[in-house]
Amino acid sequence: MDEQPFMVIWETTRACQLACRHCRADSIHHRNPGELDTDEAKRLLDELASFAHPRPIVVLTGGDPFERPDLAELTAYGTSLGLHLALSPSATPNVTRERLDEMRAAGATAMSLSLDGARPETHDAFRGFAGTYDRTLASAALINEVGFRLQVNTTVTRATVHELPELYTQLLDLHAHLWSLFFLVPTGRGQQLQALDPDEVEDVFHWMVDIGTHLAVKTTEAQHFRRVCVQRAQAAELGLGVESFRTGPLYDELTARTRELVEGRTLPQRPARPPIDTNAGRGFAFVDHLGFVYPSGFLPQRAGNVRDDSFVQLYREAPIMRALRRPDEFSGKCGVCEFNRVCGGSRSHAYAVTGDPLASDPTCGYLPPRWVAAQAEVVG
């Protein structure tokens with residue numbers, strides 16, 4: 001992870017027809033003339049393809065990447081270089097059968113859509129336009145028909161968390177390959193929304209582990225889900241289940257509602273998806289529409305610009321990137337946590353709340369033994 005990323009997100013444009021309440025960015029309705037042009041974009045793809053095998057997975061996002069008329073050309077070019085490209089469009093009239101066929105022919109293999117609520121009123125309120133919920137479901141059906149692997153992204157806030165069981169059953173019906181639950185970072189428009197407290201986040205994690213043998217799940221900006229997965233696996237080896245952990249009323253609610261919804265239903269069985277050990281600047285990087293490189297799209301600390309320096313050099317040598325790859329030097333709990341090499345906490349949450357990307361993740365309620373011991377010494 002020090003030498004090359006596992007995944008690179010490229011914000012191909014910031015243009016988008018929606019105005020989502022939680023967006024990290026201020027979307028615009030027309031493309032910025034300063035965004036990377038076709039030739040510059042190809043040079044970026046060349047650099048990403050220069051990494052050793054396995055090369056980074058490249059996600060073309062926005063804004064709405066379908067606002068770029070050269071998207072198929074860029075996708076075909078990246079594919080010809082041996083890159084695996086995925087797309088993350090907005091659910092707008094741009095998502096047509098013709099456009100999806102074009103992107104599939106260009107070599108894209110996976111596509112993600114956002115579904116933040118199980119009811120139209122919840123999702124449409126998030127996305128800023130009526131009818132977006134219905135359009136998302138119709139787009140998901142088209143994506144499956146064309147042969148893409150479908151990922152669904154859901155933003156978890158106080159306004160959406162109670163609908164997660166209903167969303168889970170909907171995703172089973174949609175034949176989603178992966179469900180990514182994004183735990184709100186209070187940046188951009190997302191500052192207006194209410195995030196869960198650490199105990200509630202922990203409850204959602206345990207519920208996710210429970211459903212993970214039926215639907216592949218992951219988190220975004222909630223790296224401590226990996227810690228819960230490890231803890232649950234260790235408990236299982238001892239013959240213990242979730243009852244050996246301290247869970248709260250939200251876990252009880254989600255579990256009871258899920259059991260009610262799946263009663264009498266034959267659920268698919270699959271091995272739980274192992275959480276991937278990546279974090280901001282450590283296996284992960286973000287390139288914005290103007291070419292600036294960041295550790296994450298939710299961590300506004302610039303490493304440099306691909307117009308001035310190579311992406312390879314910026315990823316490997318930029319001071320912010322190097323600092324984020326030394327979790328033992330993080331401050332507070334994260335620095336002494338026995339799980340910091342598989343977790344490390346959300347650097348974006350740490351920065352959004354404290355102004356320090358190396359601070360402890362405020363959304364994690366876990367108390368590492370070394371931290372507890374150190375605090376006891378201070379008190380004593």
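Residues numbered from 1 in each chain as written. Predicted model: local features only at pLDDT ≥ 70, side-chain atom pairs only at ≥ 80, totals over all residues. Heavy atoms only, no water.

Asks: Explain the side chain of T154 here, please?
Replies: When you line up the elements, T154 lands in strand 5 (residues 149-156). One polar contact links T154 to W179, side chain to side chain, over a distance of 2.9 Å. T154 has contacts with L115, D116, L164, L167, W179, S180, L181 and F182, leaving out every residue within four places of it along the chain. (Helix = DSSP H or I, 4+ residues; strand = E, 2+ residues; numbered from the N terminus. Polar contact = N/O pair within 3.5 Å; in protein donor to acceptor, adjacent residues only side chain to side chain. Contact = heavy atoms within 4.5 Å.)

Asks: Please explain the side chain of R227 as it appears in this structure.
Replies: By secondary structure assignment, the location of R227 is in helix 8 (residues 225-237). Owing to a relative accessible area of 2%, R227 belongs among the buried residues under this scheme. Not counting chain neighbours up to four residues away, the residues in contact with R227 comprise E202, F339, C364 and Y366. (Buried < 20%, exposed > 50% of the residue type's maximum accessible area, 1.4 Å probe, protein only.)

Asks: Quick question: what am I supposed to make of helix 6 (residues 164-174) here?
Replies: Every α-helix winds through 3.6 residues per turn, so residues three or four apart in the chain are directed the same way. With nine of 11 residues buried, helix 6 is to be regarded as a mostly interior element. Within helix 6 the residues assigned to the buried category are L164, P165, L167, Y168, T169, Q170, L171, L172 and L174. Those residues of helix 6 that are buried lie in contact with helix 5 (132-146), strand 5, strand 6 (178-183), helix 7 (198-211) and helix 9 (249-262). Once helix 6 finishes, H175 follows within two positions and takes phi at roughly 60°, a positive value.

Asks: Please explain the state of the cysteines as it appears in this structure.
Replies: All chains considered together, the criterion is met by zero disulfides. Left without a disulfide partner, C364 is nearest to the cysteine sulfur of C343, which lies 6.3 Å away. (Disulfide = S-S within 2.5 Å.)

Asks: Just checking my understanding: could you explain the nonpolar core for this structure?
Replies: When a protein is soluble and globular, its nonpolar side chains tend to lie buried together. One finds L164, Y168, W179, F183, V204, W207 and F311 to be the most contacted residues of the largest nonpolar core, which totals 79 residues. Aside from chain neighbours lying at most four places away, what touches F183 is V156, L196, V201, V204, F205, T219, T220, E221, A222 and H349. (Core = buried A, V, L, I, M, F, W, Y, C linked by side-chain atoms within 4.5 Å.)

Asks: Please clarify how the packing of helix 6 against helix 9 should be interpreted in this entry.
Replies: Each pair of packed helices can be described by the angle between their axes along with the distance between the axes. Interaxial distance between helix 6 and helix 9 falls to 8 Å at its minimum, and their mutual angle equals 35°. Crossing geometry of helix 6 relative to helix 9 is assigned as right-handed. Contact residues: helix 6 offers L164, P165, E166, Y168 and T169, while helix 9 offers L254, R257, T258, L261 and V262. (Axes fitted to C-alpha atoms, helices over the stretch in contact; angles between N-to-C directions. Left-handed = near helix turned anticlockwise from the far one by under 90°.)

Asks: What's the story with unusual backbone geometry in this structure? I'm lost.
Replies: With an omega of -5°, the peptide bond between H53 and P54 qualifies as cis. Within the secondary structure, P54 sits in the loop between helix 1 (38-49) and strand 2 (57-61). Omega for the peptide link from G62 to G63 comes to 25°, which places this bond in the cis form. Checked against the element boundaries, G63 lands in the loop between strand 2 and helix 2 (71-80). Unusually for a residue other than glycine, E221 sits at a positive phi of about 55°. Mapping E221 onto the fold places it in the loop between strand 7 (217-220) and helix 8. By relative accessible area, E221 is classed as buried at 9%.

Asks: Can you help me understand the packing of aromatic side chains in this one?
Replies: We describe a pair of aromatic rings using the distance from one ring centre to the other and the angle between the two ring planes. The final tally for this structure, using the stated rule, is nine aromatic pairs. On the basis of an interplanar angle of 55° and a centroid distance of 5.5 Å, the ring pair of F205 and F225 is categorised as tilted. Of the two residues, F205 sits in helix 7 while F225 sits in helix 8, which places them 20 residues apart along the sequence. For F205, a relative accessible area of 0% puts it in the buried group. Ring pairing ties together the aromatic residues F51, F311 and Y315, which thus form one cluster. Here R325 stacks its cationic end above the ring of Y315, 4.9 Å away from the centre of that ring. (Phe/Tyr/Trp six-rings, centres within 6.5 Å; stacked < 30°, edge-to-face > 60°. Lys NZ or Arg CZ within 6 Å of the ring centre and 35° of its normal.)

Asks: Help me understand the environment of L324 in this model?
Replies: With respect to the secondary-structure elements, L324 resides in helix 11 (residues 319-324). A sequence separation of 140 residues divides L324 from L184, and the C-alpha atoms of the two residues are 20 Å apart. Excluding residues that lie within four positions of it along the chain, L324 makes contacts with A280, G281, R282, P295, L299, F330, R347, P357 and L358.

Asks: Where do I start with the pattern of salt bridges in this structure?
Replies: Oppositely charged side chains may form a pair once their charged atoms are brought near each other. With the rule as written, the count across this model stands at 25 salt bridges. Here R257 and E166 are joined by a salt bridge, their closest N and O atoms 2.6 Å apart. With a gap of 91 residues between them, R257 in helix 9 and E166 in helix 6 connect regions that are remote in the sequence. Judged by its relative accessible area of 27%, R257 falls in the partly exposed class. (Salt bridge = Lys/Arg side-chain N within 4 Å of Asp/Glu carboxyl O.)

Asks: Which parts of the structure should I look at to understand the environment of S90?
Replies: Here S90 is to be found in the loop between strand 3 (84-87) and helix 3 (97-106). When its relative accessible area of 11% is taken as the criterion, S90 is described as buried. C-alpha separation for the pair S90 and R127, spaced 37 residues apart in sequence, amounts to 9.7 Å.

Asks: What is the right way to look at the pairing of strand 6 in this model?
Replies: Most of strand 6 sits out of view: six of its six residues are buried. Going residue by residue along strand 6, you find L178, S180 and F182 tucked away on one face and W179, L181 and F183 tucked away on the opposite face as well. Of the strand pairs in this sheet, strand 5 and strand 6 are connected by six bridges, and their pairing is parallel. By the bridge assignment, T154 is partnered in strand 6 with L181. As a crossover connection, the stretch from strand 5 through helix 6 into strand 6 is right-handed. The sheet contact formed by strand 6 and strand 7 spans four bridges and is parallel. Bridge assignment links F182 to a residue of strand 7, and that residue is T220. (Pairing = 2+ DSSP bridges. Right-handed = clockwise from strand over helix to strand, strands pointing away.)

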